[in-house]
Amino acid sequence: EVQLVESGGGLVQAGGSLRLSCAASGFTSDDYVIAWFRQAPGKEREGIRCIRKSDGSTYYTDSMKGRFTISSDNAENTVFLQMNLVKPEDTAIYYCAAEYGDSCVLSGPYEYWGQGTQVTVSS
């Protein structure tokens, strides 16, 4: 079974940087995508970035331009989310999610989800 484990969350001051990690395992083929989402209490889930395993290409929506970068380390089977110039409104639980196929989207259902990691940005 596919398993995703997030790490790297914590408390960070506004204007600082943070790198989240998503350790992935259990895939039966190399045709899959991994995406980062976040959800704050009382707010809708929001897609951030997506990356394709096959070619490393990335995708993001206009509403999430700037400050975030997704990357992967194939040797470690890990996907990262680099967060720069963080703001208090970035405070949320951050999740990684995966789906088989090469359609890198930030909406609709994903089959596999991690447990989430809390990011808190202080002012």
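Cut-offs applied
Residues numbered from 1 in each chain as written. Predicted model: local features only at pLDDT ≥ 70, side-chain atom pairs only at ≥ 80, totals over all residues. Heavy atoms only, no water. Core = buried A, V, L, I, M, F, W, Y, C linked by side-chain atoms within 4.5 Å. Buried < 20%, exposed > 50% of the residue type's maximum accessible area, 1.4 Å probe, protein only. Helix = DSSP H or I, 4+ residues; strand = E, 2+ residues; numbered from the N terminus. Pairing = 2+ DSSP bridges. Axes fitted to C-alpha atoms, helices over the stretch in contact; angles between N-to-C directions. Polar contact = N/O pair within 3.5 Å; in protein donor to acceptor, adjacent residues only side chain to side chain. Contact = heavy atoms within 4.5 Å. Disulfide = S-S within 2.5 Å.

> Looking at this structure, I do not really get the nonpolar core. What am I missing?
Nonpolar side chains in soluble globular proteins generally cluster together in the buried interior. Counting residues in each nonpolar core, the largest one holds 28 residues, and the members touching the most others are Leu4, Leu20, Ile34, Trp36, Leu81, Met83 and Tyr94. Those elements giving two or more residues to this core turn out to be strand 3 (18–25), strand 4 (32–39), strand 5 (46–52), strand 7 (68–73), strand 8 (78–83), strand 9 (92–100) and strand 11 (117–122). Within the second largest apolar cluster, eight residues are counted, among which are Phe37, Cys50, Leu106 and Tyr110.

> Is there a simple way to think about the sheet that holds strand 1 (residues 3–7) in this case?
Paired through backbone hydrogen bonds, the strands of a sheet run either parallel or antiparallel to each other. The four strands are arranged 1-3-8-7 in an open sheet whose pairing can be described as antiparallel. Because the sheet does not close on itself, it has two edges, and the strands there are strand 1 and strand 7. On average, adjacent strands in this sheet sit at an angle of 20 degrees to one another, irrespective of strand direction. As judged from the six bridges shared by strand 7 and strand 8, these two strands associate in the antiparallel manner. Directly across from Thr69, in strand 8, lies its bridge partner Gln82.

> I keep staring at the pairing of strand 1 and nothing clicks. Help me out?
Regular strands have side chains that alternate between both faces of the sheet. Burial along strand 1 is one-sided: the residues Leu4 and Glu6 are buried and none of Gln3, Val5 and Ser7 is. Direction of pairing for strand 1 relative to strand 3: antiparallel, over a ladder of five bridges. Opposite Gln3, over in strand 3, you have Ser25 as the bridge partner.

> What is the right way to look at the side chain of Thr117 in this model?
Within the secondary structure layout, Thr117 lies in strand 11. A distance of 3.2 Å separates a polar atom in the side chain of Thr117 from the backbone nitrogen of Gly9. Sequence-distant contacts of Thr117, that is, excluding residues within four places in its chain, are made with Glu6, Ser7, Gly8, Gly9, Leu20, Ala92, Ile93 and Tyr94.

> Where do I start with the pairing of strand 3 in this structure?
In terms of strand pairing, strand 3 meets strand 8 through six bridges, oriented antiparallel. Residue Cys22 lies in a different strand from strand 8, and its bridge partner there is Val79.

> Please clarify how the state of the cysteines should be interpreted in this entry.
Each disulfide consists of one covalent bond between the sulfur atoms belonging to two cysteines. All told, the structure shown has two disulfides when counted by the stated rule. The residue that forms a disulfide with Cys22 is Cys96, at a sulfur-sulfur distance of 2.2 Å. Across the S-S bond linking Cys22 and Cys96, the dihedral sits near 70 degrees, which makes this disulfide right-handed. Pair noted here: Cys22 is in strand 3 and Cys96 is in strand 9, with a separation of 74 residues, a long-range link. An identical accessibility class is assigned to Cys22 and Cys96; each is buried. With its sulfur 1.9 Å from that of its partner, Cys50 forms a disulfide with Cys104. Disulfide Cys50-Cys104: the torsion about the S-S bond is -115 degrees, which places it as left-handed. Residue Cys50 is found in strand 5, and its partner Cys104 is found in the loop between strand 9 and strand 10 (112–113); the two are separated by 54 residues along the sequence. Side by side, Cys50 and Cys104 carry an identical accessibility label, which is buried. Each disulfide in the chain links cysteines that, numbered along the sequence, combine into the pattern 1-3, 2-4.

Remember that the coordinates give geometry; whether it matters functionally is a separate question.
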